[in-house]
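Residues per chain, in single letters:
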Amino acid sequence: MKGRMASLLLMGVMSLYGVQELEFRWKVKDFKDEEELVVRTFMQAAGYGPTSKEYMTKTVHKETEKIVHGIDGAHGLSVYCGQNCVGFILVEYDREKNEIYIPRLAVCPTTQGRGLGKILVKRMYETFKPQRMAVIARRKNGSGIKFYKKLGFYETEWLLPGKGPEKYCGLWCDNFNG
């Protein structure tokens, strides 16, 4: 039944995009399109100013380089509609703890709210079957926090070093609702 529900959800997303097919890609030649999508969506969602764009671009590039070079258990899944990258998720999988940390999830702003983010998280969950998933969201990104809570994530005191609770919200998920 779960597989059928995922298929119906994907078909619904595809029909909303008005296309016959969305293409999911685990390996891409480079991550330029994905990096651009992440920077654009994070700048908008978290209320970053124009001076933050250069910093954000460098940070995201370092993260995608981890995928290219197989560092920190990094994996990325991209979604393309024709030639356009419309979604991307980057995870770091800790095999010993069987946990996933999601440093980046981005869906093209004009196509948000159609289930694609949920599908990306679900694909990572089904691929790695982790005991727990974790994410850190900026408190300004209320829609992102709400999105994760719908999927079964809950707020914790866990944060990465340098991420203070006044600006960031740590979220865990032990029981994925995807």
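Everything here concerns the structure above.
The text that follows walks through the structure, step by step, so that each part is easy to find. This one's a predicted model, so the numbers in the text were calculated from it and none came from an experiment. (Residues numbered from 1 in each chain as written. Predicted model: local features only at pLDDT ≥ 70, side-chain atom pairs only at ≥ 80, totals over all residues. Heavy atoms only, no water.)

To continue, consider the packing of aromatic side chains. All chains considered together, the criterion is met by five aromatic pairs. Arranged with centres 4.9 Å apart and planes meeting at 35°, the rings of Y125 and F176 form a pair that is tilted. Placement of the pair is Y125 in helix α4 (residues 116–128) and F176 in the segment after β7 (168–173), with a sequence separation of 51 residues. Taken together, the aromatic side chains of F147, Y148 and F153 make up a single cluster linked through ring pairs. A cation sits over an aromatic face here: R132 above W172, 3.8 Å from the ring centre. (Phe/Tyr/Trp six-rings, centres within 6.5 Å; stacked < 30°, edge-to-face > 60°. Helix = DSSP H or I, 4+ residues; strand = E, 2+ residues; numbered from the N terminus. Lys NZ or Arg CZ within 6 Å of the ring centre and 35° of its normal.)

Time to look at the packing of helix α2 (residues 32–45) against helix α3 (residues 52–69). Direction vectors running N to C along α2 and α3 enclose 135°, while the axes themselves pass 9 Å from each other. The orientation of α2 with respect to α3, classified from their angle, is oblique. Relative to α3, α2 is oriented so that their crossing is right-handed. Where α2 approaches α3, its residues E35, V38, V39, F42 and M43 are matched on the opposing element by S52, K53, M56, T57, V60, H61 and T64. Here the contact of α2 with α3 is composed, by residue class, of six nonpolar, four polar and two charged. (Axes fitted to C-alpha atoms, helices over the stretch in contact; angles between N-to-C directions. Parallel < 35°, antiparallel > 145°, perpendicular 65-115°, else oblique. Left-handed = near helix turned anticlockwise from the far one by under 90°. Contact = heavy atoms within 4.5 Å. Nonpolar A, V, L, I, M, F, W, Y, C, P; charged D, E, K, R; others polar.)

This brings us to α2. Over its 14 residues, α2 extends 20 Å from the first C-alpha to the last, a length consistent with the 20 Å expected when each residue adds 1.5 Å. Within the sequence span of α2, burial applies to E34, E35, L37, V38, V39, T41, F42 and M43. On the buried face of α2, the contacting elements are α3, β2 (74–81), β3 (84–94) and β4 (99–107). (Expected span 1.5 Å × (residues − 1). Buried < 20%, exposed > 50% of the residue type's maximum accessible area, 1.4 Å probe, protein only.)

Assignment of secondary structure puts Y101 in strand β4. Classification of Y101 as buried rests on a relative accessible area of 18%. As a C-alpha pair, Y101 and G73 span 28 residues in sequence and 9.9 Å in three-dimensional space. Sequence-distant contacts of Y101, defined by excluding residues within four places in its chain, comprise L90, V91, E92, A134, V135, I136, W158 and L160.

Taking 1.5 Å of rise per residue, the 13 residues of α4 would be expected to cover 18 Å, and the 19 Å separating its terminal C-alpha atoms lies within 8% of that figure. Turning to α4, its buried residues number three or more, namely L116, G117, I119, L120, V121, K122, M124 and F128. Looking one or two residues beyond α4, the residue adopting positive phi is K129, at roughly 45°.

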